[in-house]
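One letter stands for each residue in the lines below.
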Amino acid sequence: MDDFFSKIMTTVSFSSLIGFILSNCGYPAMLGYMLSGCVMTYVGGGIYNINTLLGESNIIMLQEIALITLMFVTGLKTNLSRFFQISKQALKFVLMQVIFSIITIICIYQLYGKEIIIRIIFMLFLTLNSTAAAVNILENFNKLNTLKGSFIVCILIIQDVIFMITIAMLKNTIAGVSPLVMIGNLCLVLSLLCGIVIFLRSRFVYGLSKILHKFVNRNFEIVCTIVITLLIIVGSILELLSISASLGGFILGLILGNIGEEKKFYASIAPFNAIMMLLFFVVIGSKLDLNFILQHSIIVWSCTILIVAHKIGMNWWIANILCIEDSLSIAFILSQLSEFGFILVIFINQIETDTFLSIFMENMIIISLSIGSLFTIVSKSYLYKKGIM
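What you see is a predicted model; the values in this text were computed from it and never measured.

(A) Geometry of the overall build of the chain. Within the chain, the regular secondary structure consists of 19 helices and zero strands. Residue burial in the chain is summarised as follows: out of 389 residues, 51% are buried. Relative to all contacts within the chain whose residues are 6 or more apart in sequence, the contacts with residues 24 or more apart total 82%. Entry remark: accessible area of the chain is about 18,300 Å², with carbon and sulfur atoms responsible for 69%.

Spelled out as structure tokens, the structure:
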């Protein structure tokens, strides 16, 4: 047991150090976490490999907790007033992304023989963008709180909500739940979201915010514990209703953030969120299979470059069609594959007996998240000179 904890602490400490160094050099900390996860996997014969240390079941649970926390923070930072000002344009953007991705999937003839679920997974794979990478890049460029930054975050929020609803439907399909029950669950989710939005825009929120303000100021030291407890309760309830627990995290964050005290709630949950994000990206880095990449280097790199180029071209074209300014910078920021792709890989493992596809997708996600973010940050001065950023 002592040996286990010493290895975990060594991995976490090393990852924190690399993340800190890269962050102070102007690069996203997540790159340092992924790099350290990859390095620790191959150091000492793999004794520091976090996947081996924790086990597959614990890794899946860790990923889910990290994504729930990420969605809670996303909901916490979602200002409904600003969201509704730009949501129509962002919704059009996401719908056009989905349409172009469906057309692309149809055009890839090899997928004709695949099940409909695999096609849906690939459509999500092409459509979704990395929330963590985009926010990191926007923060690095000091654009997070600008109109462009808010628009990109709005796109990511809409994507994430659609993704979580779709994932819930996929879970039910694989579990053999009847279509009638799935439609009922979908109606329940949409009703829940609409009800929460109507409540948060009502006058009752003002009185509730006063009560919440007093409670947070008097009990700030236990706010983090209460928030984590609420996340577990809300997530468990939604899982029992066959709805994504991540959606529960987003809903809870949306409620608490728009009632008031968003900064204090974020300050209380920030250390826990930081630890979960560190472990999440260390796990991602540790999944990089160098032997697989060397054996299939041509297909892995060519497909990754093609998908990233496809996403840049698609997002740039959509932004131009919708007459959105800074279309190229938006396309660059939204060029990474999503961290939610690892949830899609879990579904593929449940459907496909051949592990090649899942390993292939995992490596493409890791390369896209690391190289794509690094390229955008390294090109910072050039992008500024050209007026792209």
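Having put the structure on the table, let's press on.
(B) Main features of the nonpolar core. Judged by nonpolar contacts, the single largest core of 115 residues is most densely connected at Phe-72, Phe-93, Phe-163 and Phe-281. When residues no more than four places from it in sequence are discounted, the contact partners of Phe-93 are Phe-151, Ile-155, Asn-315, Ile-318, Ala-319, Leu-322, Ile-324, Ile-330 and Leu-334.

(C) The pattern of salt bridges, seen in detail. Evaluated as defined, the whole model comprises one salt bridge. Here Lys-287 and Glu-362 are joined by a salt bridge, their closest N and O atoms 3.9 Å apart. One end of the pair, Lys-287, is in the loop between α13 (262–286) and α14 (290–295); the other, Glu-362, is in helix α18 (residues 356–378), and 75 residues separate them in sequence. Grouping residues by exposure puts Lys-287 and Glu-362 together as buried.

(D) Structural context of the layout of surface pockets. Taken as a whole, the largest pocket spans an internal volume of roughly 1,100 Å³. For the largest pocket, the lining is made up of 35 residues, of which Val-73, Lys-77, Val-135, Glu-139 and Leu-144 are closest to its centre. When residues of the lining of the largest pocket are traced back to their parent elements, those giving at least two are α2 (29–42), α4 (56–76), α5 (80–107), α7 (131–140), α8 (147–174), α12 (245–259) and α13. Tallying contributions element by element places α13 first for the lining of the largest pocket, with eight residues. Its residues assigned to classes, the lining of the largest pocket comprises 20 nonpolar, 10 polar and five charged.

(E) Quick look at the packing of α2 against α13. Running from amino to carboxyl end, α2 crosses α13 at an angle of 50°, the nearest separation of the two axes being 7 Å. Looking at the two axes, α2 sits oblique to α13. The two elements α2 and α13 cross, and the hand of that crossing is right-handed. Here Met-30, Tyr-33, Met-34, Ser-36, Gly-37, Cys-38 and Thr-41 of α2 come into contact with α13, specifically with Met-277, Leu-278, Phe-281, Val-282, Ile-284, Gly-285 and Ser-286.

(F) Looking closely at helix α11 (residues 223–240). With 18 residues, α11 extends 26 Å between its outermost C-alpha atoms, agreeing within 8% with the 26 Å of an ideal straight helix rising 1.5 Å per residue. Residues of α11 that are buried include every one of Val-223, Cys-224, Val-227, Leu-231, Gly-235 and Leu-238, and no others. Down the axis of α11, the buried set is contained in an arc of 95°. They therefore lie on one face. Looking at α11, the residues exposed on the side facing more than 90 degrees away from the buried face are Ile-232 and Leu-240.

(G) Main features of the packing of aromatic side chains. Evaluation of the coordinates by the stated rule reveals five aromatic pairs. Judged by centre distance (5.3 Å) and plane angle (75°), the ring pair of Phe-280 and Phe-281 falls under edge-to-face. Given the relative accessible area of 3%, Phe-281 is considered buried. Between Phe-356 and Phe-360, the ring centres sit 5.9 Å apart and the planes meet at 10°, which makes this aromatic pair stacked. Note that Phe-356 and Phe-360 are positioned in helix α18 at a spacing of four residues, about one turn of the helix.

(H) How the structure looks around the environment of Asn-136. With respect to the helices, strands and loops of the structure, Asn-136 is situated in helix α7. Judged by relative accessible area, which is 22%, Asn-136 ranks as partly exposed. Not counting residues within four places of it along the chain, the set of residues in contact with Asn-136 comprises Pro-28, Ala-29 and Met-30.

(I) Region of the structure containing unusual backbone geometry. Residue Cys-323 is not a glycine yet carries a positive backbone phi of 55°. Locating Cys-323 in the fold gives a position in the loop between α15 (297–321) and α16 (327–333).

About the criteria used
- In this numbering scheme, every chain counts its residues from 1 along its sequence in written order.
- The predicted origin of the model limits local features to residues at a pLDDT of at least 70 and limits the giving and counting of side-chain atom pairs to 80 or more, whereas totals for whole chains, interfaces and linings rest on all residues.
- Note that the side-chain values use all heavy atoms of the structure and ignore hydrogens as well as water.
- Only runs of H or I of at least four residues qualify as helices and only runs of E of at least two qualify as strands under DSSP, and these elements are numbered from the N terminus.
- Burial here depends on accessible area, computed with a 1.4 Å probe over protein chains only, as a share of the maximum for the residue type. Under 20% is buried, over 50% is exposed, and the range in between is partly exposed.
- Residue contacts are defined here by distance: any two heavy atoms, one from each residue, within 4.5 Å place the two residues in contact.
- Here, Shrake-Rupley sampling with a 1.4 Å probe gives the accessible areas, and only protein chains in the shown set may cover a residue.
- To define a nonpolar core, start from buried Ala, Val, Leu, Ile, Met, Phe, Trp, Tyr and Cys residues and group those joined through side-chain atoms within 4.5 Å.
- Take a side-chain nitrogen of Lys or Arg and a carboxyl oxygen of Asp or Glu: if they are within 4 Å of each other, that pair is a salt bridge.
- Cavities and pockets are defined on a 1 Å grid built over the protein atoms alone: a cavity is a set of grid points where a 1.4 Å probe fits but cannot escape, while a pocket is an open set with protein on both sides within 12 Å along at least five of seven lines, and lining residues are those with an atom within 4 Å of any such point.
- Grid points are joined across faces, edges and corners, and a volume is the space filled by probe spheres set on the points.
- Note on residue classes: Ala, Val, Leu, Ile, Met, Phe, Trp, Tyr, Cys and Pro are nonpolar, Asp, Glu, Lys and Arg are charged, and everything else, Gly too, is polar.
- Note on definitions: angles span 0 to 180 degrees between N-to-C directions of axes, and those axes are lines fitted to C-alpha atoms, for helices only across the stretch in contact.
- Roughly parallel here means an angle under 35 degrees, roughly antiparallel means over 145, roughly perpendicular means 65 to 115, and every remaining angle is called oblique.
- Working rule for handedness: look at the near helix, and if it is turned counterclockwise from the far one by less than a right angle, call the crossing left-handed; if clockwise, right-handed.
- By this rule the span expected of a helix is its residue count minus one, scaled by 1.5 Å.
- The directions considered for the arc run from the helix axis to the C-beta atoms.
- Only Phe, Tyr and Trp rings are paired, with Trp represented by its six-membered ring, and only when their centres lie within 6.5 Å; those with planes under 30 degrees apart are stacked, over 60 edge-to-face, the remainder tilted.

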